[in-house]
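Topology and contacts: notes
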Amino acid sequence: MEGSNQKRKWEKSSFKGVRFYKHKTKKHGVQYDKYFSGSYQVNKKRKFIGFGWASEGWTEKRVWEKLNQFKYNVKTGSGPTTLKEKILLKEQARQQKVEREEKDQFKNITLKIFYDTYYLPAAVKSKRNDTTMPTEKSYFKVWINPEIGHLKFRDIRPIHFENIKNKLLNKGKAPRTLEHCFAIFNKIWSYAKIHDLVNTDSPAKKIDRPKVENARTRFFTKKEAELLLKSLKKRSQQVHDMTLLSLHTGARGRELFNLIWRMVSFENRSLQLRDSKGKPRHVYLTDETHNMLTRLYKDQYSSDLVFKNNKGGKINAVGQTFSKIVKELKLNKGVTDRRDKASFHTCRHTFASWHAHNGTDLYVLKKLLGHSTIQLTERYSHLRVDSLKVASQNFNLSLQNE
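Heads up: these notes are all about the structure in this document. (Residues numbered from 1 in each chain as written. Predicted model: local features only at pLDDT ≥ 70, side-chain atom pairs only at ≥ 80, totals over all residues. Heavy atoms only, no water.)

It is worth spelling out the pairing of strand β2 (residues 18-28) at this point. As paired elements, strand β1 (residues 11-12) and β2 share two bridges and run antiparallel to each other. Its bridge partner being in β2, Glu 11 is matched across the sheet by Phe 20. Here β1 folds back onto β2, and the loop between the two strands holds five residues, one of which, Gly 17, carries a positive phi near 85°. As paired strands, β2 and strand β3 (residues 31-42) are joined by seven bridges and run antiparallel to one another. Bridge pairing links Lys 27 to Tyr 32 in β3. Between β2 and β3, which follow one another and run antiparallel, lie two residues, and Gly 29 among them has a positive phi close to 75°. (Pairing = 2+ DSSP bridges. Helix = DSSP H or I, 4+ residues; strand = E, 2+ residues; numbered from the N terminus.)

As structure tokens, then:
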């Protein structure tokens, strides 16, 4: 600053365009401190610039050199034309340097640091009510991090996933566990790609993996289903009602947890269900499920959940009641293959199996189950052997009668 508003006595220096005034009391060495100012003409207008005090390092020659530089910048249209502008440009350059350094530092981040700092907080937030998150954390900690957690993204190669695959299989882990591990890494990689950390496909996608035989074959007989519902009703009416609805519509547990009254049509005796990807499908109510939902519906708002937890919020899992009843009824006694073990999802397989056994067309069943491909539905085709036989016999008779 040039000081107070007091009247100053400006003196010309020996350099053109440079002037100064002396401080009344403050000295710089043996002389009074001097404040330097300069001016030059732009478009027939004189432009004045305050530079600073001699005690701050300013001299007549230095001010004159800066003025010449500013005049040259005005003439050529490049560089700062005032001291303030120079300071601003210097600060902008400093900020750009900081941003470049931060960007370079981000590019050099390791997988573990990226996972902890960026991916995990976002994943936890988006999957706040997802029970699979603890499993994801465990797989990353046990299988992914020891092998590649210390590596930068640009250093991660397909060979690292060959090593992860071999370690999993040598430990006797199922191919499905390997699929989960690779799927978790692919999600991390995709998140890094969104944030411009990488621009290629995940290296895990280049690795051949064992075929996953995960198709469940277990379904309840009608006697087992009847006994299950009877036992559940004594323990929990709501778990009983969800089980009944799954058995009679093929609804997944998550679809029931998200079911609101707006999606129930008593007039059309149908439900609109949405799968995990938000894709809707319609299923139709039996007399039992229609009566059950009518009993539950008591002046509910259309946005209210059909099934709620104790606090009136969304259910995240069926809970232990179902598993306890299955155990008490010994429905899994002697069963070692997890694909054959009864769970809540068995209700959906039961719905599909009963339909197939009754001769429902597989393409119709595909629509009822919301399968993405007919191959998923064809697992129930073996239950239609009798129906196919009857169809062949009827075809044979029609040929004979012509």
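A rise of 1.5 Å per residue sets the reference length of helix α6 (residues 175-194), with its 20 residues, at 28 Å; its end C-alpha atoms lie 29 Å apart and thus fit the reference within 8%. Restricting attention to buried positions, one finds in α6 the residues Thr 177, Leu 178, Cys 181, Phe 182, Ile 184, Phe 185, Asn 186, Ile 188, Trp 189 and Ala 192. Positioned one or two residues after α6, Asp 196 has a phi angle of 60°, which is positive. (Expected span 1.5 Å × (residues − 1). Buried < 20%, exposed > 50% of the residue type's maximum accessible area, 1.4 Å probe, protein only.)

The subject of this paragraph is helix α1 (residues 60-76). Between its first and last C-alpha, α1 extends 24 Å over 17 residues, near the 24 Å set by a 1.5 Å rise per residue. When α1 is considered as a whole, its buried residues turn out to be Glu 60, Val 63, Leu 67, Phe 70 and Asn 73. Seen from one end, α1 has its buried residues packed into an arc of 150°, which puts them on one side. Just past α1, the residue Gly 77 takes up positive phi, approximately 75°. (Arc of directions from axis to C-beta.)

A separate point is the environment of Cys 181. Within the element layout of this structure, Cys 181 appears in helix α6. You can call Cys 181 buried: its relative accessible area is 1%.

What follows covers the packing of aromatic side chains. Inspection of the entire model under this criterion finds 22 aromatic pairs. Between Phe 20 and Phe 36, the ring centres sit 6.0 Å apart and the planes meet at 55°, which makes this aromatic pair tilted. Residue Phe 20 is found in strand β2, and its partner Phe 36 is found in strand β3; the two are separated by 16 residues along the sequence. Among the aromatic residues, those joined into a cluster by ring pairs are Phe 114, Tyr 115, Tyr 118, Tyr 119, Phe 140, Phe 153, Phe 161, Phe 182, Phe 185, Trp 189 and Tyr 191. Arg 62 extends its terminal NZ or CZ atom over the ring of Trp 58, reaching a point 3.8 Å from the ring centre. (Phe/Tyr/Trp six-rings, centres within 6.5 Å; stacked < 30°, edge-to-face > 60°. Lys NZ or Arg CZ within 6 Å of the ring centre and 35° of its normal.)

Shape descriptors only; they carry no functional weight alone.
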